[in-house]
Amino acid sequence: MDKIEISGGIPLNGNITISGAKNATLPLIAATILTDEPVTLNNVPNLSDVHTLLKLLQLLGAEVDFDPSNHTLTICSKSIQNFEAPYDLVRKMRASVLVLGPLLARFKKARVSLPGGCAIGVRPVDFHITGLRNLGANINIDEGYINASCSHNLIGSEIVFPKVSVTGTENIIMAATLAEGQTKIINAAIEPEIVDLIEMLNSMGSEISYSNSREIIIKGKTSLHGTNHEIISDRIELGTYILTAGTVDESELILTGKNIAKLTEDTIGLYHSIGMQIDFIDTNTIHVKRSSNLLHGIQIETEPFPGFPTDLQAQLMVAMCKAGSESYIKETIWENRFMHVPELLRMGADITLIGNTAHIKPIKNFKNAPVIATDLRASFSLVMAGLSANGITTINRVYHIDRGYENVELKLSKCNAKIKRIK
(Lines give C-alpha, C1' and ligand atoms only; values in the text may rest on other atoms or scores of the structure.)
Protein backbone atom coordinates (compact mmCIF):
# COMPACT_ATOMS: atom_id res chain seq x y z
CA MET A 1 0.00 0.00 0.00
CA ASP A 2 1.44 3.39 -1.03
CA LYS A 3 2.59 6.02 1.44
CA ILE A 4 3.37 9.71 1.04
CA GLU A 5 6.43 11.17 2.74
CA ILE A 6 6.68 14.91 3.35
CA SER A 7 9.64 16.89 4.60
CA GLY A 8 7.81 19.98 5.81
CA GLY A 9 8.48 23.52 6.92
CA ILE A 10 9.24 24.81 3.41
CA PRO A 11 7.19 27.75 2.05
CA LEU A 12 5.20 26.92 -1.07
CA ASN A 13 5.66 29.13 -4.09
CA GLY A 14 4.50 28.34 -7.60
CA ASN A 15 1.61 27.63 -9.95
CA ILE A 16 -1.04 24.93 -9.54
CA THR A 17 -3.61 24.01 -12.17
CA ILE A 18 -6.96 23.05 -10.65
CA SER A 19 -8.31 19.84 -12.18
CA GLY A 20 -11.81 19.12 -13.39
CA ALA A 21 -14.36 18.61 -10.63
CA LYS A 22 -14.62 15.02 -9.42
CA ASN A 23 -18.12 15.63 -8.07
CA ALA A 24 -19.22 16.88 -11.49
CA THR A 25 -17.42 14.23 -13.53
CA LEU A 26 -19.07 11.20 -11.92
CA PRO A 27 -22.73 12.16 -12.62
CA LEU A 28 -21.74 13.36 -16.09
CA ILE A 29 -20.28 9.93 -16.84
CA ALA A 30 -23.47 8.27 -15.58
CA ALA A 31 -25.55 10.60 -17.76
CA THR A 32 -23.93 9.23 -20.92
CA ILE A 33 -26.10 6.12 -20.40
CA LEU A 34 -29.14 8.21 -21.40
CA THR A 35 -28.22 8.29 -25.11
CA ASP A 36 -27.02 5.81 -27.71
CA GLU A 37 -24.84 8.50 -29.29
CA PRO A 38 -21.22 9.31 -28.27
CA VAL A 39 -20.64 11.89 -25.53
CA THR A 40 -17.24 13.56 -25.20
CA LEU A 41 -16.13 15.10 -21.90
CA ASN A 42 -13.17 17.46 -21.60
CA ASN A 43 -11.21 18.51 -18.49
CA VAL A 44 -11.72 15.02 -16.98
CA PRO A 45 -9.56 14.45 -13.87
CA ASN A 46 -7.40 11.33 -13.78
CA LEU A 47 -8.68 9.90 -10.48
CA SER A 48 -9.28 6.41 -9.15
CA ASP A 49 -13.00 7.18 -8.67
CA VAL A 50 -13.26 8.07 -12.36
CA HIS A 51 -11.58 4.81 -13.36
CA THR A 52 -13.92 2.85 -11.07
CA LEU A 53 -17.03 4.30 -12.69
CA LEU A 54 -15.62 3.81 -16.18
CA LYS A 55 -14.96 0.18 -15.34
CA LEU A 56 -18.61 -0.14 -14.33
CA LEU A 57 -19.82 1.40 -17.60
CA GLN A 58 -17.62 -0.98 -19.57
CA LEU A 59 -19.11 -3.86 -17.59
CA LEU A 60 -22.56 -2.65 -18.62
CA GLY A 61 -21.43 -2.71 -22.26
CA ALA A 62 -20.48 0.90 -23.00
CA GLU A 63 -17.50 1.77 -25.18
CA VAL A 64 -15.01 3.95 -23.29
CA ASP A 65 -12.04 5.89 -24.67
CA PHE A 66 -10.18 7.83 -21.94
CA ASP A 67 -7.00 9.80 -22.60
CA PRO A 68 -5.76 10.90 -19.14
CA SER A 69 -2.87 12.92 -20.61
CA ASN A 70 -5.29 15.15 -22.53
CA HIS A 71 -8.09 14.82 -19.96
CA THR A 72 -10.56 13.79 -22.67
CA LEU A 73 -13.13 11.02 -22.43
CA THR A 74 -15.57 9.68 -25.01
CA ILE A 75 -18.31 7.24 -24.05
CA CYS A 76 -20.82 5.51 -26.31
CA SER A 77 -23.55 3.61 -24.49
CA LYS A 78 -25.26 2.26 -27.62
CA SER A 79 -24.28 -1.36 -26.91
CA ILE A 80 -25.31 -1.59 -23.25
CA GLN A 81 -26.90 -5.00 -22.64
CA ASN A 82 -26.06 -5.57 -18.98
CA PHE A 83 -28.10 -3.67 -16.37
CA GLU A 84 -26.44 -4.75 -13.13
CA ALA A 85 -23.97 -2.72 -11.04
CA PRO A 86 -22.31 -5.34 -8.81
CA TYR A 87 -21.35 -4.93 -5.18
CA ASP A 88 -17.62 -5.36 -5.85
CA LEU A 89 -17.60 -2.08 -7.79
CA VAL A 90 -20.28 -0.12 -5.95
CA ARG A 91 -18.66 -0.73 -2.56
CA LYS A 92 -15.47 0.97 -3.82
CA MET A 93 -17.33 4.16 -4.68
CA ARG A 94 -20.82 5.07 -3.55
CA ALA A 95 -21.38 7.36 -6.55
CA SER A 96 -21.79 4.19 -8.64
CA VAL A 97 -25.44 4.30 -7.54
CA LEU A 98 -25.83 7.15 -10.06
CA VAL A 99 -26.27 4.61 -12.87
CA LEU A 100 -29.62 3.60 -11.34
CA GLY A 101 -31.70 6.49 -12.73
CA PRO A 102 -30.23 6.50 -16.27
CA LEU A 103 -30.49 2.70 -16.67
CA LEU A 104 -34.08 2.68 -15.49
CA ALA A 105 -35.10 5.64 -17.67
CA ARG A 106 -33.60 4.31 -20.89
CA PHE A 107 -33.85 0.54 -20.54
CA LYS A 108 -36.80 0.21 -18.11
CA LYS A 109 -34.76 -1.93 -15.71
CA ALA A 110 -31.74 -1.78 -13.42
CA ARG A 111 -30.16 -3.87 -10.68
CA VAL A 112 -27.75 -1.86 -8.54
CA SER A 113 -26.01 -2.97 -5.38
CA LEU A 114 -26.71 -1.07 -2.20
CA PRO A 115 -23.52 0.91 -1.49
CA GLY A 116 -23.01 -0.34 2.06
CA GLY A 117 -21.11 1.54 4.77
CA CYS A 118 -19.11 4.72 4.43
CA ALA A 119 -16.19 5.94 6.51
CA ILE A 120 -17.66 9.39 7.14
CA GLY A 121 -21.17 8.25 8.03
CA VAL A 122 -24.37 6.66 6.83
CA ARG A 123 -25.45 7.75 3.35
CA PRO A 124 -28.86 6.13 2.73
CA VAL A 125 -30.32 5.87 -0.76
CA ASP A 126 -33.89 6.29 0.50
CA PHE A 127 -34.38 9.54 -1.43
CA HIS A 128 -33.26 7.88 -4.69
CA ILE A 129 -35.71 5.02 -4.22
CA THR A 130 -38.67 7.17 -3.09
CA GLY A 131 -38.11 9.61 -5.95
CA LEU A 132 -37.98 6.88 -8.59
CA ARG A 133 -41.11 5.27 -7.15
CA ASN A 134 -42.84 8.65 -7.51
CA LEU A 135 -41.88 8.50 -11.19
CA GLY A 136 -43.65 5.14 -11.51
CA ALA A 137 -40.82 2.68 -10.97
CA ASN A 138 -41.33 -0.68 -9.30
CA ILE A 139 -38.54 -1.14 -6.77
CA ASN A 140 -37.71 -3.85 -4.29
CA ILE A 141 -34.63 -4.57 -2.22
CA ASP A 142 -33.39 -8.15 -2.38
CA GLU A 143 -30.11 -9.69 -1.25
CA GLY A 144 -28.47 -6.27 -0.99
CA TYR A 145 -29.54 -5.07 -4.43
CA ILE A 146 -31.96 -2.40 -5.63
CA ASN A 147 -34.12 -4.07 -8.29
CA ALA A 148 -35.92 -1.42 -10.34
CA SER A 149 -38.21 -1.77 -13.34
CA CYS A 150 -41.09 -0.11 -15.15
CA SER A 151 -43.42 -1.63 -17.74
CA HIS A 152 -43.76 1.68 -19.60
CA ASN A 153 -41.91 4.98 -19.56
CA LEU A 154 -41.41 6.76 -16.27
CA ILE A 155 -44.08 9.40 -15.58
CA GLY A 156 -43.27 12.94 -14.47
CA SER A 157 -44.18 13.84 -10.91
CA GLU A 158 -43.59 16.30 -8.09
CA ILE A 159 -40.88 15.08 -5.72
CA VAL A 160 -40.15 16.70 -2.37
CA PHE A 161 -36.87 15.88 -0.68
CA PRO A 162 -37.19 16.08 3.13
CA LYS A 163 -33.44 16.81 3.23
CA VAL A 164 -31.09 18.13 0.57
CA SER A 165 -29.40 15.22 -1.23
CA VAL A 166 -26.81 15.81 -3.95
CA THR A 167 -26.71 12.32 -5.48
CA GLY A 168 -30.45 11.91 -4.92
CA THR A 169 -31.09 15.08 -6.90
CA GLU A 170 -28.74 13.94 -9.67
CA ASN A 171 -30.33 10.51 -9.99
CA ILE A 172 -33.86 11.92 -10.22
CA ILE A 173 -32.85 14.62 -12.73
CA MET A 174 -31.31 12.01 -15.02
CA ALA A 175 -34.25 9.64 -14.73
CA ALA A 176 -36.76 12.44 -15.38
CA THR A 177 -35.11 13.51 -18.66
CA LEU A 178 -36.71 10.50 -20.41
CA ALA A 179 -39.96 10.46 -18.40
CA GLU A 180 -43.32 11.42 -19.86
CA GLY A 181 -44.42 14.89 -18.83
CA GLN A 182 -42.93 17.27 -16.29
CA THR A 183 -41.07 16.52 -13.08
CA LYS A 184 -40.52 19.07 -10.34
CA ILE A 185 -37.97 18.49 -7.58
CA ILE A 186 -38.56 20.58 -4.45
CA ASN A 187 -35.76 21.13 -1.91
CA ALA A 188 -33.24 19.97 -4.50
CA ALA A 189 -29.48 20.35 -4.20
CA ILE A 190 -28.18 23.21 -6.37
CA GLU A 191 -24.42 22.72 -6.14
CA PRO A 192 -22.32 23.98 -9.09
CA GLU A 193 -21.72 20.33 -10.02
CA ILE A 194 -25.48 19.81 -10.41
CA VAL A 195 -25.72 22.94 -12.54
CA ASP A 196 -22.93 21.48 -14.70
CA LEU A 197 -24.96 18.27 -15.08
CA ILE A 198 -28.05 20.27 -16.05
CA GLU A 199 -26.07 22.23 -18.65
CA MET A 200 -24.74 19.06 -20.25
CA LEU A 201 -28.16 17.39 -20.28
CA ASN A 202 -29.68 20.48 -21.89
CA SER A 203 -26.98 20.33 -24.57
CA MET A 204 -28.12 16.71 -25.15
CA GLY A 205 -31.69 17.86 -25.83
CA SER A 206 -33.15 18.00 -22.33
CA GLU A 207 -35.25 20.90 -21.08
CA ILE A 208 -34.28 21.56 -17.46
CA SER A 209 -34.53 24.75 -15.43
CA TYR A 210 -33.60 25.51 -11.83
CA SER A 211 -33.85 28.31 -9.29
CA ASN A 212 -32.01 29.39 -6.16
CA SER A 213 -35.15 28.46 -4.21
CA ARG A 214 -34.11 24.81 -4.71
CA GLU A 215 -36.68 23.94 -7.34
CA ILE A 216 -35.67 22.03 -10.47
CA ILE A 217 -38.12 21.44 -13.33
CA ILE A 218 -37.47 18.75 -15.95
CA LYS A 219 -39.62 18.38 -19.06
CA GLY A 220 -39.21 14.82 -20.28
CA LYS A 221 -38.11 13.96 -23.82
CA THR A 222 -38.45 10.78 -25.87
CA SER A 223 -34.69 10.61 -26.49
CA LEU A 224 -31.42 12.49 -26.01
CA HIS A 225 -28.46 12.92 -28.34
CA GLY A 226 -24.70 13.08 -27.95
CA THR A 227 -22.72 16.19 -27.05
CA ASN A 228 -19.31 17.64 -26.28
CA HIS A 229 -18.98 19.15 -22.80
CA GLU A 230 -16.20 20.74 -20.73
CA ILE A 231 -16.31 19.94 -17.02
CA ILE A 232 -16.05 22.76 -14.49
CA SER A 233 -12.96 23.06 -12.30
CA ASP A 234 -13.00 21.49 -8.86
CA ARG A 235 -14.09 24.06 -6.27
CA ILE A 236 -13.08 21.70 -3.43
CA GLU A 237 -9.55 21.28 -4.79
CA LEU A 238 -9.44 25.04 -5.29
CA GLY A 239 -10.47 25.70 -1.69
CA THR A 240 -8.01 23.08 -0.48
CA TYR A 241 -5.03 24.82 -2.07
CA ILE A 242 -6.22 28.25 -0.91
CA LEU A 243 -6.28 26.96 2.67
CA THR A 244 -2.93 25.23 2.16
CA ALA A 245 -1.38 28.58 1.25
CA GLY A 246 -2.73 29.93 4.53
CA THR A 247 -1.43 27.01 6.59
CA VAL A 248 2.17 26.78 5.37
CA ASP A 249 4.02 29.90 6.55
CA GLU A 250 5.15 32.45 3.93
CA SER A 251 3.49 30.59 1.04
CA GLU A 252 2.17 32.16 -2.16
CA LEU A 253 0.36 30.25 -4.89
CA ILE A 254 -0.99 31.05 -8.35
CA LEU A 255 -4.09 28.90 -8.94
CA THR A 256 -5.46 28.45 -12.46
CA GLY A 257 -8.61 26.73 -13.69
CA LYS A 258 -11.83 27.13 -15.63
CA ASN A 259 -13.71 30.22 -14.39
CA ILE A 260 -12.20 30.24 -10.91
CA ALA A 261 -13.70 33.66 -10.21
CA LYS A 262 -17.18 32.11 -10.43
CA LEU A 263 -16.22 29.14 -8.24
CA THR A 264 -15.04 31.39 -5.40
CA GLU A 265 -18.13 33.63 -5.27
CA ASP A 266 -19.68 31.80 -2.34
CA THR A 267 -16.49 31.27 -0.30
CA ILE A 268 -14.33 34.31 -0.94
CA GLY A 269 -15.93 36.18 1.96
CA LEU A 270 -14.89 33.37 4.30
CA TYR A 271 -11.32 33.31 2.97
CA HIS A 272 -10.98 37.06 3.44
CA SER A 273 -12.43 36.88 6.95
CA ILE A 274 -9.78 34.39 8.11
CA GLY A 275 -6.95 36.50 6.69
CA MET A 276 -6.36 35.20 3.17
CA GLN A 277 -5.46 37.63 0.41
CA ILE A 278 -6.91 36.63 -2.95
CA ASP A 279 -6.14 38.75 -6.00
CA PHE A 280 -7.82 37.98 -9.31
CA ILE A 281 -5.35 38.05 -12.20
CA ASP A 282 -8.22 37.20 -14.56
CA THR A 283 -11.40 35.11 -14.41
CA ASN A 284 -9.37 31.90 -14.54
CA THR A 285 -6.39 32.79 -12.33
CA ILE A 286 -5.90 33.95 -8.74
CA HIS A 287 -2.91 34.86 -6.58
CA VAL A 288 -3.25 33.57 -3.01
CA LYS A 289 -1.29 34.30 0.16
CA ARG A 290 -1.84 35.06 3.83
CA SER A 291 -2.51 38.76 4.41
CA SER A 292 -1.06 38.87 7.96
CA ASN A 293 1.29 36.92 10.21
CA LEU A 294 -1.54 34.81 11.64
CA LEU A 295 -4.93 33.72 10.36
CA HIS A 296 -8.05 34.78 12.25
CA GLY A 297 -10.16 32.27 14.18
CA ILE A 298 -13.70 31.59 13.04
CA GLN A 299 -17.03 30.12 14.11
CA ILE A 300 -18.77 28.30 11.27
CA GLU A 301 -20.88 25.26 10.44
CA THR A 302 -21.07 23.12 7.35
CA GLU A 303 -24.20 23.47 5.22
CA PRO A 304 -25.54 22.48 1.80
CA PHE A 305 -24.50 24.83 -1.02
CA PRO A 306 -24.26 27.83 -0.93
CA GLY A 307 -23.18 27.30 2.67
CA PHE A 308 -19.69 26.24 3.73
CA PRO A 309 -19.04 22.78 2.20
CA THR A 310 -18.46 19.75 4.40
CA ASP A 311 -15.79 18.68 1.90
CA LEU A 312 -13.61 21.60 3.09
CA GLN A 313 -14.20 21.12 6.81
CA ALA A 314 -11.04 19.10 7.53
CA GLN A 315 -8.85 21.48 5.53
CA LEU A 316 -10.28 24.56 7.27
CA MET A 317 -9.66 22.88 10.63
CA VAL A 318 -5.96 22.46 9.83
CA ALA A 319 -5.68 26.11 8.76
CA MET A 320 -7.42 27.23 11.98
CA CYS A 321 -4.84 25.36 14.05
CA LYS A 322 -2.40 28.02 12.79
CA ALA A 323 -4.73 30.95 13.58
CA GLY A 324 -4.14 33.56 16.25
CA SER A 325 -7.39 32.87 18.10
CA GLU A 326 -9.75 29.99 18.87
CA SER A 327 -12.17 28.53 16.34
CA TYR A 328 -15.33 26.44 16.39
CA ILE A 329 -16.40 24.29 13.44
CA LYS A 330 -19.76 22.51 13.57
CA GLU A 331 -20.35 19.55 11.25
CA THR A 332 -24.03 19.30 10.28
CA ILE A 333 -23.87 17.09 7.16
CA TRP A 334 -22.15 13.83 8.17
CA GLU A 335 -22.15 12.32 11.64
CA ASN A 336 -18.65 10.86 11.56
CA ARG A 337 -16.54 13.40 9.72
CA PHE A 338 -14.03 14.18 12.46
CA MET A 339 -11.88 11.07 11.99
CA HIS A 340 -8.92 13.25 11.03
CA VAL A 341 -8.88 14.81 14.51
CA PRO A 342 -7.02 11.95 16.30
CA GLU A 343 -4.37 12.04 13.57
CA LEU A 344 -4.00 15.82 13.87
CA LEU A 345 -3.66 15.43 17.64
CA ARG A 346 -0.69 13.15 16.96
CA MET A 347 0.81 16.06 15.07
CA GLY A 348 0.41 18.50 17.94
CA ALA A 349 -3.03 19.98 17.26
CA ASP A 350 -5.12 21.20 20.19
CA ILE A 351 -8.65 20.18 19.24
CA THR A 352 -11.54 19.19 21.51
CA LEU A 353 -14.68 17.54 20.14
CA ILE A 354 -17.97 18.49 21.77
CA GLY A 355 -20.66 16.47 20.01
CA ASN A 356 -20.61 17.57 16.38
CA THR A 357 -18.52 20.67 17.09
CA ALA A 358 -14.72 20.94 17.03
CA HIS A 359 -13.10 23.50 19.35
CA ILE A 360 -9.72 24.42 17.88
CA LYS A 361 -7.07 26.22 19.93
CA PRO A 362 -4.09 27.81 18.17
CA ILE A 363 -0.71 26.09 18.04
CA LYS A 364 2.62 27.53 16.90
CA ASN A 365 3.17 24.73 14.42
CA PHE A 366 2.46 21.08 13.70
CA LYS A 367 4.87 18.29 14.64
CA ASN A 368 5.96 15.59 12.23
CA ALA A 369 4.55 12.12 12.87
CA PRO A 370 3.37 8.98 11.05
CA VAL A 371 -0.39 9.25 10.43
CA ILE A 372 -3.19 7.37 8.66
CA ALA A 373 -5.58 8.85 6.09
CA THR A 374 -9.17 7.91 6.98
CA ASP A 375 -11.17 9.38 4.08
CA LEU A 376 -10.76 11.49 0.97
CA ARG A 377 -10.83 15.03 2.37
CA ALA A 378 -9.24 14.10 5.70
CA SER A 379 -6.28 12.71 3.78
CA PHE A 380 -5.39 16.11 2.36
CA SER A 381 -5.75 17.78 5.75
CA LEU A 382 -2.86 15.56 6.86
CA VAL A 383 -0.85 16.63 3.80
CA MET A 384 -1.42 20.26 4.82
CA ALA A 385 -0.28 19.58 8.38
CA GLY A 386 2.77 17.69 7.09
CA LEU A 387 3.74 20.55 4.76
CA SER A 388 3.60 22.93 7.72
CA ALA A 389 5.48 20.71 10.21
CA ASN A 390 9.24 20.60 10.53
CA GLY A 391 10.71 17.15 9.93
CA ILE A 392 9.36 14.15 8.05
CA THR A 393 5.69 13.16 8.10
CA THR A 394 4.55 9.84 6.65
CA ILE A 395 0.93 9.44 5.55
CA ASN A 396 -0.41 5.91 5.15
CA ARG A 397 -3.45 4.72 3.12
CA VAL A 398 -3.05 7.45 0.53
CA TYR A 399 -5.38 5.65 -1.88
CA HIS A 400 -7.97 7.98 -0.31
CA ILE A 401 -6.11 10.97 -1.79
CA ASP A 402 -6.05 9.36 -5.24
CA ARG A 403 -9.85 9.20 -5.23
CA GLY A 404 -10.22 12.99 -5.39
CA TYR A 405 -6.91 14.83 -5.85
CA GLU A 406 -5.01 14.51 -9.10
CA ASN A 407 -1.20 14.47 -9.16
CA VAL A 408 -0.81 15.74 -5.58
CA GLU A 409 2.92 15.06 -5.36
CA LEU A 410 3.63 16.59 -8.79
CA LYS A 411 1.57 19.73 -8.19
CA LEU A 412 3.12 20.38 -4.79
CA SER A 413 6.66 19.47 -5.87
CA LYS A 414 6.49 22.17 -8.53
CA CYS A 415 5.79 24.61 -5.69
CA ASN A 416 8.98 23.70 -3.75
CA ALA A 417 7.38 21.07 -1.49
CA LYS A 418 9.52 18.07 -0.60
CA ILE A 419 6.96 15.33 -1.07
CA LYS A 420 7.24 11.87 -2.56
CA ARG A 421 5.25 8.69 -2.89
CA ILE A 422 6.66 5.47 -1.50
CA LYS A 423 5.38 2.38 -3.26
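Quick caveat, the model's predicted, so the values are computed rather than measured.

A. Just the overall build of the chain, in detail. Of the regular secondary structure elements, the chain holds 15 helices and 24 strands. By the compact-globule yardstick of 22 Å for 423 residues, the chain fits well, its C-alpha radius of gyration being 22 Å. Taking the principal axes of its C-alpha atoms as reference, the chain extends roughly 65 × 45 × 40 Å. Accessible area for the chain stands at about 16300 Å²; split by element, carbon and sulfur atoms hold 47% of it. If the 39 positive side-chain charges of the chain are averaged to one point and the 44 negative ones to another, these points end up 4 Å apart.

B. Geometry of the pattern of salt bridges. Using the criterion set out here, one finds 17 salt bridges in the structure. Measuring nitrogen to oxygen at the nearest pair gives 2.7 Å for the salt bridge that ties Glu-237 to Lys-411. Placement of the pair is Glu-237 in helix α8 (residues 235-247) and Lys-411 in helix α15 (residues 408-413), with a sequence separation of 174 residues. We classify Glu-237 as buried; its relative accessible area is 1%. The class of Lys-411 is buried, set by a relative accessible area of 11%.

C. Main features of the sheet that holds strand β3 (residues 39-42). Read across the open sheet, the four strands follow the order β4-β5-β3-β14; overall the sheet is mixed. With one partner strand each, in any of the chains shown, β4 (63-67) and β14 (227-230) form the two edges of the open sheet. Strand-to-strand twist of the sheet, defined as the mean angle between neighbouring strand axes without regard to direction, takes the value 10 degrees. In this sheet, strand β5 (residues 72-76) lies alongside β4 in antiparallel orientation, the contact comprising five bridges. Following the sheet pairing, Val-64 is matched in β5 by Ile-75. Lying over the sheet, helix α2 (residues 48-60) contacts β4 and β5, oriented at roughly 155 degrees with respect to β4. Its contacts with the sheet place helix α7 (residues 192-203) against β3 and β14, and it is angled at close to 160 degrees to β14.

D. Region of interest: the packing of aromatic side chains. Under the definition given, this model contains four aromatic pairs. On the basis of an interplanar angle of 85 degrees and a centroid distance of 5.4 Å, the ring pair of Tyr-241 and Phe-380 is categorised as edge-to-face. Note that Tyr-241 is positioned in helix α8 and Phe-380 in helix α13 (residues 376-388), a separation of 139 residues in sequence. Residues Tyr-241 and Phe-380 agree in their burial class; the two are buried. An angle of 40 degrees between the planes, with centres 4.6 Å apart, marks the rings of Phe-380 and Tyr-405 as tilted. Taken together, the residues span a long stretch of sequence, with Phe-380 in helix α13 and Tyr-405 in the loop between α14 (399-404) and α15 at a distance of 25 residues. On the basis of relative accessible area, Tyr-405 is assigned to the buried category, the value being 2%. Among the aromatic residues, those joined into a ring-pair cluster are Tyr-241, Phe-380 and Tyr-405.

E. Looking closely at the sheet that holds strand β13 (residues 215-219). Overall, mixed pairing links the four strands, which are arranged β10-β11-β13-β12 in an open sheet. Two strands lie at the open edges of the sheet, namely β10 (158-160) and β12 (207-210), each paired on one side alone. When the angles between neighbouring strand axes are averaged without regard to direction, this sheet yields 15 degrees. With five bridges joining them, strand β11 (residues 182-186) and β13 adopt antiparallel strand pairing. Directly across from Thr-183, in β13, lies its bridge partner Ile-218. Those strands touched by α7 are β12 and β13, and its axis lies near 155 degrees from that of β12.

F. Spatial organisation of the packing of helix α1 (residues 22-31) against α2. The geometry of α1 relative to α2 is characterised by a closest axis approach of 10 Å and an angle of 5 degrees between their N-to-C directions. One element, α1, and the other, α2, form an angle in the roughly parallel class. Each of Lys-22, Thr-25, Leu-26, Ile-29 and Ala-30 in α1 lies in contact with α2, whose residues at this interface are Asp-49, Val-50, Leu-53, Leu-54 and Leu-57. Looking at the contact of α1 with α2 residue by residue, the classes come out as seven nonpolar, one polar and two charged.

Thresholds, definitions, all that
Every chain is numbered on its own, with residues counted from 1 as its sequence reads. In keeping with the model being predicted, local features are shown solely for residues with a pLDDT of at least 70 and side-chain atom pairs are shown and tallied solely at 80 or more, while totals for entire chains, interfaces and linings include all residues. The basis for every side-chain value is the complete set of heavy atoms in the structure, and neither hydrogens nor water enter the calculation. Secondary structure is summarised from DSSP: a helix means a run of H or I of at least four residues, a strand means a run of E of at least two, and numbering begins at the N terminus for each. This radius of gyration counts C-alpha atoms alone. The globule rule is 2.2 Å times how many residues there are, raised to the power 0.38. Areas reported here follow the Shrake-Rupley algorithm with a probe of radius 1.4 Å; residue values treat only the protein chains shown as occluding. His is not counted here, nor are the chain ends, while Lys and Arg score as positive and Asp and Glu score as negative. Just so you know, the charge point we use is NZ for Lys, CZ for Arg, CG for Asp and CD for Glu. The salt bridge criterion pairs a side-chain nitrogen of Lys or Arg with a carboxyl oxygen of Asp or Glu, the two atoms within 4 Å. Burial status follows relative accessibility: with a 1.4 Å probe on protein chains alone, a residue under 20% of its type maximum counts as buried, one over 50% as exposed, and anything between as partly exposed. Strand pairing is assigned whenever DSSP detects at least two bridges linking the two strands. Lines fitted to C-alpha atoms define the axes here, with helix axes fitted over just the stretch in contact, and angles between the N-to-C directions of these axes take values from 0 to 180 degrees. Whether two residues are in contact is decided by their heavy atoms, any of which lying within 4.5 Å being enough. Any pair of Phe, Tyr and Trp rings, taking the six-membered ring for Trp, is counted once the centres come within 6.5 Å. Such a pair is stacked with planes under 30 degrees apart, edge-to-face with planes over 60 apart, and tilted for the rest. Comment on the angle field: the value is read as roughly parallel under 35 degrees, roughly antiparallel over 145, roughly perpendicular from 65 to 115, and oblique elsewhere. Here the nonpolar group is Ala, Val, Leu, Ile, Met, Phe, Trp, Tyr, Cys and Pro; Asp, Glu, Lys and Arg are the charged ones; every other residue, Gly included, is treated as polar.

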